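What follows is the residue order along each chain.
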Amino acid sequence: MGMSTTDQPWGCPNSSSNRTSKPSRNSSSHPRAPLEVVSSAQANFLRHFKRFDTVEDFSDHHYVSNGNASKQHSKTWVKKVQVDWKIFLENNLPETIFVRTCESRMDLMRAVIIGAEGTPYHDGLFFFDIHFPDNYPSVPPMVHYHSGGLRINPNLYTSGKVCLSLLGTWNGNTREQWLPRESTMLQLLVSIQALILNQKPYFNEPSYEQGRLRAWGKGAWAPGPKQTMVYGMRKPPKHFEEFVRSHYFERAHDIVKASNAYIEGAPVGSLVKGTSQGGSMQFRNEVAVFMKTVVDEFVKLGVNELEDILEPPPVIHTNTSR
């Protein structure tokens with residue numbers, strides 16, 4: 001996807017400074033017009049960023065070495081990939097999933113999923129590289145998660161492996177597995193969002209080891225999504241560079257607000273405060289400490305007024321009475 005210099009939002013004032021001045025009060029007979037809020041350049045960029053589009057190359061794709069532009073594919077393969085593109089992805093992607101394909105390398109695809117509200121992944125960006133092997137659709141596509149070396153979910157490994165029945169990387173009943181005549185890429189992407197990046201990812205733990213399961217449940221892993229944000233901002237995948245920066249520019253304050261709630265003891269994936277089911281003190285401290293790094297990255301994007309609203313680490317009160 002080509003991108004002209006006019007698409008670049010950087011160096012533009014943020015939304016807080018793009019407001020018209022208040023009308024004068026020199027006549028009570030003329031009611032004041034409502035203030036017009038002008039969207040930031042970043043918000044405008046995101047508004048016009050296509051959910052589905054083609055790009056010229058995928059030189060940084062995880063599976064780029066699995067083929068080449070001159071490779072010939074079977075008619076069945078080409079038809080299935082084109083059906084995935086035109087029927088299921090081009091017009092039916094949900095608002096939180098964006099896909100890029102390549103005309104010269106139809107075997108490659110890249111997708112980003114925005115973490116849903118009410119989950120530990122809300123407002124985060126999670127990237128997946130996809131490859132359609134020669135015997136597709138008889139077998140499922142290959143999927144690699146951009147982990148940045150971080151483990152944020154029992155089903156997403158630091159190696160990039162995605163553990164999901166639909167991919168054949170985890171056991172499941174027949175209806176949960178890839179069905180060549182029925183399964184689609186849209187189904188796969190929505191399944192990753194709903195079954196992996198969900199509200200209670202610790203139930204995905206395949207080992208059923210009680211100690212480890214309790215650790216996941218207490219949020220011992222949960223700083224990972226925030227660390228993933230930093231990884232994404234520092235090393236955004238090709239064709240999504242401006243999308244990543246604009247997304248975090250627009251959502252920075254909401255992310256800090258949610259993190260403050262975690263620091264104060266709210267349960268992971270929730271903004272409700274004052275609950276006894278919140279994360280452990282260790283988890284709350286880890287969030288507070290690492291959010292300083294996240295805020296530093298937001299400031300580099302041009303986001304203002306963040307340092308003063310970030311909550312400090314919680315104070316541990318010790319009982320000194322005898």
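Up top you'll find the structure we're talking about.
The structure displayed is predicted, hence computed values, not measured ones.

S.K.: Where do I start with the overall build of the protein in this structure?
M.R.: Counting its regular elements, the protein contains seven helices and five strands. Mapped from its N terminus to its C terminus, the protein presents α and β elements in the order α-β-α-β-β-β-β-α-α-α-α-α. When burial is assessed residue by residue, the protein has 45% of its 322 residues classed as buried. Pairs at least 24 residues apart make up 65% of the contacts formed inside the protein by residues separated by at least 6 positions.

S.K.: Could you clarify how one ought to interpret the packing of helix 2 (residues 75-89) against helix 3 (residues 185-196) in this entry?
M.R.: Geometrically, a packed helix pair is captured by the angle between its two axes and the distance between the axes. Where helix 2 contacts helix 3, the two axes come as close as 9 Å, and the packing angle between them is 65°. Listed contacts from helix 3 to D84, F88 and L89 of helix 2 are M185, L186 and L189.

S.K.: Can you help me understand the packing of aromatic side chains in this one?
M.R.: Each pair of aromatic rings is reported with the distance of its centres and the angle of its planes. Applying the stated criterion across every chain yields a total of 13 aromatic pairs. Centroid distance Y136 to W178: 5.8 Å. Interplanar angle 40°. Geometry classified as tilted. One end of the pair, Y136, is in the loop between strand 4 (125-131) and strand 5 (142-145); the other, W178, is in the loop between strand 5 and helix 3, with 42 residues separating them in the sequence. Of the two residues, Y136 and W178, neither departs from the other in class, the shared state being buried. One aromatic cluster in this structure is built from F45, F49, F98, F127, F240 and F243. Over the aromatic face of Y157 sits the side chain of R151, whose NZ or CZ is 4.4 Å from the ring centroid.

S.K.: Is there a simple way to think about the nonpolar core in this case?
M.R.: One recurring pattern in soluble globular proteins: nonpolar side chains tend to sit buried together. Core analysis: the largest hydrophobic core is formed by 35 residues, its most contacted members being L89, V99, F128, M185 and L189. Counting residues per element, the ones that place at least two in this core are helix 2, strand 2 (97-102), strand 3 (108-114), strand 4, strand 5 and helix 3. Here the element with the most residues in this core is helix 3; it accounts for six residues. When residues no more than four places from it in sequence are discounted, the contact partners of M185 are D84, L89, M109, I130, F132, Y136 and P141. Among the nonpolar cores identified, the runner-up in size contains 31 residues, and M229, F243, V294 and L301 belong to it.

S.K.: Would you mind going over the pairing of strand 3 with me for this structure?
M.R.: Looking down a regular strand, the side chains alternate between one sheet face and the other. Across the seven residues that make up strand 3, a large majority, seven, are buried. Across the two faces of strand 3 the burial is the same, with L108, R110, V112 and I114 and M109, A111 and I113 all buried. Pairing geometry for strand 2 and strand 3, over five bridges, is antiparallel. When the sheet's bridge partners are listed, V99 is paired in strand 3 with A111. Once strand 2 ends, the chain turns through five residues before running back antiparallel as strand 3.

S.K.: For this particular structure, what's the right way to read the sheet that holds strand 5?
M.R.: Backbone hydrogen bonds hold the strands of a sheet together, and the pairing may be parallel or antiparallel. Here we have five strands laid out as an open sheet, ordered 1-2-3-4-5, and mixed in their pairing. Of all the strands in the sheet, just strand 1 (52-55) and strand 5 have a single pairing partner and so form its edges. Between one strand axis and the next, the sheet turns through 25° on average, direction left out of account. Bridge analysis of strand 1 against strand 2 gives four bridges, and the strand direction is parallel.

Definitions and cut-offs
- Residues numbered from 1 in each chain as written.
- Predicted model: local features only at pLDDT ≥ 70, side-chain atom pairs only at ≥ 80, totals over all residues.
- Heavy atoms only, no water.
- Helix = DSSP H or I, 4+ residues; strand = E, 2+ residues; numbered from the N terminus.
- Buried < 20%, exposed > 50% of the residue type's maximum accessible area, 1.4 Å probe, protein only.
- Contact = heavy atoms within 4.5 Å.
- Axes fitted to C-alpha atoms, helices over the stretch in contact; angles between N-to-C directions.
- Phe/Tyr/Trp six-rings, centres within 6.5 Å; stacked < 30°, edge-to-face > 60°.
- Lys NZ or Arg CZ within 6 Å of the ring centre and 35° of its normal.
- Core = buried A, V, L, I, M, F, W, Y, C linked by side-chain atoms within 4.5 Å.
- Pairing = 2+ DSSP bridges.

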